[in-house]
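# Coordinate inspection notes
This is what each chain is made of:
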Amino acid sequence: RRSHQSVTPFWHSTVWPNPFREAITLEVHLQDVASVTARLTTLPSQHVVIALPPSVLPGGLHQITLPTSSLPAGVYLLLITADGHTQTHRIIRIE
């Protein structure tokens, strides 16, 4: 099942499955070209466990799969930034 969508006037993102086991898929729909980054952090310390380097992506739909099988079960935040605007998804890894 997909997590809630985050929406800004220029782009939106969806993350699924949530909860997850082996991997999560990040879907970003951009209305125009944008520099996009993503980082997965632990809660509550917000230690970064996965970080995607900045990528300039054209407008349109983009899917990125993040392998997560090495992460322990728990609650994480996925922060997606496009051109300075950040959307946050709370996601759960299960065993």
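Refer to the structure printed above.
The following paragraphs examine the structure supplied in this document. As the structure is a computational prediction, the values presented were derived from the model and not from experiment. (Residues numbered from 1 in each chain as written. Predicted model: local features only at pLDDT ≥ 70, side-chain atom pairs only at ≥ 80, totals over all residues. Heavy atoms only, no water.)

### Looking at the side chain of Thr-81
The following threshold applies: Labels follow the DSSP assignment, with helices taken as runs of H or I lasting at least four residues and strands as runs of E lasting at least two, numbered in each case from the N terminus. Contacts: residue pairs with any heavy atoms within 4.5 Å of one another.
Here Thr-81 lies in strand 7 (residues 74-82). Discounting chain neighbours no more than four positions away, the residues touching Thr-81 are Trp-11, Ser-35, Val-36, Thr-37, Arg-39 and Thr-86.

### What to know about the packing of aromatic side chains
Short version of the rule: Pairing of aromatic rings covers Phe, Tyr and the six-membered ring of Trp, with a centre-to-centre limit of 6.5 Å; geometry is then stacked below 30 degrees between planes, edge-to-face above 60, and tilted otherwise. Three exposure classes are used, based on accessible area relative to the maximum for each residue type with a 1.4 Å probe and protein chains only: buried under 20%, partly exposed in between, and exposed over 50%.
A complete count under the given rule lists one aromatic pair for this structure. Look at Phe-20 and Tyr-76: their rings are 6.5 Å apart centre to centre, the planes differ by 55°, and that puts the pair in the tilted class. Residue Phe-20 is found in the loop between strand 2 (11-16) and strand 3 (23-30), and its partner Tyr-76 is found in strand 7; the two are separated by 56 residues along the sequence. For the residue pair Phe-20 and Tyr-76, the accessibility class agrees, reading buried in each case.

### Digging into the environment of Leu-52
For Leu-52, the position within the fold is in strand 5 (residues 48-57). Separated by 38 residues in sequence, Leu-52 and Arg-90 place their C-alpha atoms 17 Å apart. When neighbours within four sequence positions are excluded, Leu-52 is seen to be in contact with Thr-37, Ala-38, Ile-64 and Leu-66.

### Things to note about the sheet that holds strand 7
Defined as follows: Should DSSP find at least two bridges between two strands, the strands are taken to pair. To obtain an axis, a line is fitted to C-alpha atoms, over the contacting stretch when the element is a helix, and the angle between two such axes runs from 0 to 180 degrees between their N-to-C directions.
Strand order across the open sheet formed by four strands is 5-4-7-8, with antiparallel pairing between neighbours. Pairing within the sheet leaves two strands with one partner each, and these edge strands are strand 5 and strand 8 (85-93). Looking at each pair of strands side by side, their axes are set apart by 15° on average, direction ignored. Of the pairings in the sheet, the one linking strand 4 (residues 34-42) to strand 7 comprises seven bridges and is antiparallel in character. Each residue of the ladder has a partner; that of Leu-40, found in strand 7, is Leu-78.

### A word on the nonpolar core
Worth spelling out the cut-off: Definition of nonpolar core: a set of buried residues of the types Ala, Val, Leu, Ile, Met, Phe, Trp, Tyr and Cys, connected through side-chain atoms within 4.5 Å.
Counting 20 residues, the largest nonpolar core has Leu-30, Leu-78, Ile-80 and Ile-91 as the members making the most contacts within it. Those elements that provide at least two residues to this core are strand 2, strand 3, strand 4, strand 5 and strand 7. Filtering out sequence-adjacent residues up to four positions away, Leu-78 remains in contact with Val-15, Ile-24, Ala-38, Arg-39, Leu-40, Leu-66, Gln-87, Thr-88, His-89 and Ile-91.

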